[in-house]
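Residue-level structure breakdown
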Amino acid sequence: MRLALGISYNGLAYQGWQSQSSGLTVQDKLEKALGAFCAQPVSTLCAGRTDAGVHALMQVVHFDTPLDRPEFAWVRGPNALLPHDIAVQWAKVVPTGFHCRASALTRRYVYLVLDAAVRPSLDTGRVGWVFKPLDQSRMEQAAQHLLGEHDFSSFRASACQALSPVKTLRHIGIRRSGTYWRFEFEANAFLHHMIRNIMGCLILVGDGRKPPEWMLEVLAARDRDAAAPTFSPNGLYFVGPRYDAAWGLPERPSLLDGLPGA
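Throughout this description, residue numbers start from 1 for each chain and increase along the sequence as written. A pLDDT threshold of at least 70 governs which residues receive local features in this predicted model, and a stricter bar of 80 or more applies before side-chain atom pairs are shown or counted, although totals over entire chains, interfaces and linings include all residues. Hydrogens are left out, water is left out, and the side-chain values use all remaining heavy atoms of the structure.

As for the overall build of the chain
Applied cut-off: Each helix is a run of H or I in the DSSP string that is no shorter than four residues. Each strand is a run of E no shorter than two, and both are numbered from the N terminus. Here the term buried applies to any residue with accessible area under 20% of the maximum for its type, exposed to any over 50%, and partly exposed to those in between, with areas from a 1.4 Å probe on protein chains only. Any two residues having at least one pair of non-hydrogen atoms within 4.5 Å are treated as being in contact. All tallies of charge rest on Lys and Arg as positive and Asp and Glu as negative; His and the ends of each chain are not included. To locate a charge, the coordinates of NZ of Lys, CZ of Arg, CG of Asp or CD of Glu are taken.
Each helix and strand in the chain was counted, giving five helices and 10 strands. If one aligns the C-alpha atoms of the chain with their principal axes, the spans along those axes are about 60 × 40 × 35 Å. Burial status across the chain gives 53% buried among its 262 residues. In the chain, 71% of the contacts between residues at least 6 apart in sequence involve partners at least 24 apart. Positive and negative charge centroids in the chain, built from 27 and 23 side chains respectively, lie 3 Å apart.

What follows is the structure, given as structure tokens:
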């Protein structure tokens with residue numbers, strides 16, 4: 001049968017999602033736990049690969065297995081074998097036509113940024129940080145230039161393996177909750193470092209170093225050198241993909257309620 005899992009993780013201790021020879025990735029830890037639980041090797045595919053230090057509230061993976069076990073067993077069993085900072089949130093048997101990546105309609109991310117004179121301590125690694133006040137109206141004006149289908153080459157990392165730089169950015173939400181800024185992004189797909197590079201530009205606009213119209217110039221340039229430096233991965237969360245309701249998978253991770261500005 002084909003099984004889909006919803007995975008949450010704190011990315012600070014890992015070199016991103018994708019398996020590496022070091023074994024220090026989330027995929028390596030998950031597949032090791034699943035392999036022990038199944039007593040045979042397990043290979044997973046994910047909805048969206050994350051960088052080193054990036055967290056996930058609902059990474060979705062799928063794999064095929066000959067084992068027939070209750071869905072709750074696929075949560076409790078692997079969780080007993082996983083590190084404390086990775087957890088299976090839910091498990092669902094899905095039709096063989098389901099593909100966690102190809103079946104996703106959109107993907108969602110949240111960036112949390114602390115706006116304070118003093119760097120974070122308890123929140124280290126869980127929030128980004130700026131010490132210059134940000135202007136919400138300026139950032140919202142800049143963000144409007146990015147909505148819709150565009151060539152996002154200016155926000156693409158040199159190592160990006162995507163076949164096309166053209167993506168459709170459907171939503172950017174910006175709001176403040178106390179000393180925290182919450183930035184929400186939703187698109188059909190994202191390029192490597194696309195959100196982190198957009199964030200770098202939004203911060204320059206928000207603190208007054210660039211006008212909102214500059215974002216349109218960066219987008220039109222289709223040149224990575226035209227954009228701001230890549231923002232820190234600290235505070236970036238993969239919220240998860242959206243699927244057609246017919247698949248019967250959770251849409252909103254409960255862990256989202258624990259983030260500022262939820």
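Comments concerning the environment of H84
With respect to the secondary-structure elements, H84 resides in the loop between α2 (73–79) and β4 (86–94). By relative accessible area, which is 80% here, H84 ends up exposed. Along the primary structure H84 and S19 are separated by 65 residues, whereas in three dimensions their C-alpha atoms are 19 Å apart.

Focus on the packing of aromatic side chains
What counts is decided by this rule: The criterion for an aromatic pair is that two Phe, Tyr or Trp rings (for Trp, the six-membered ring) have centres within 6.5 Å, with stacked assigned to planes under 30 degrees apart, edge-to-face to planes over 60 apart and tilted to the rest.
Under the counting rule described, the total for this entry stands at 11 aromatic pairs. Where Y109 meets F238, the ring centres are 4.9 Å apart and the plane angle is 35 degrees; that geometry is what we call tilted. Of the two residues, Y109 is situated in strand β5 (residues 106–115) and F238 in strand β10 (residues 236–242); the sequence distance between them amounts to 129 residues. You can call Y109 buried: its relative accessible area is 9%. In this structure an aromatic cluster arises from ring pairing among F37, F63 and W74.

Comments concerning the pattern of salt bridges
Filter applied, for reference: In what follows, salt bridge is the name for a side-chain nitrogen of Lys or Arg lying within 4 Å of a carboxyl oxygen of Asp or Glu.
Tallied over the entire structure, the rule returns 10 salt bridges. Between R196 and D51 there is a salt bridge, with its nearest N and O atoms 3.4 Å apart. In this pair, R196 sits in helix α4 (residues 194–206) while D51 sits in the loop between β2 (45–46) and β3 (55–64), placing the two residues 145 residues apart along the sequence. What makes R196 buried here is its relative accessible area of 12%. Close ionic contact of R222 with D151 constitutes a salt bridge, the shortest N to O distance being 3.8 Å. One end of the pair, R222, is in the loop between α5 (214–221) and β10; the other, D151, is in strand β7 (residues 148–151), with 71 residues separating them in the sequence. Under the relative-accessibility criterion, R222 is labelled exposed at 54%.

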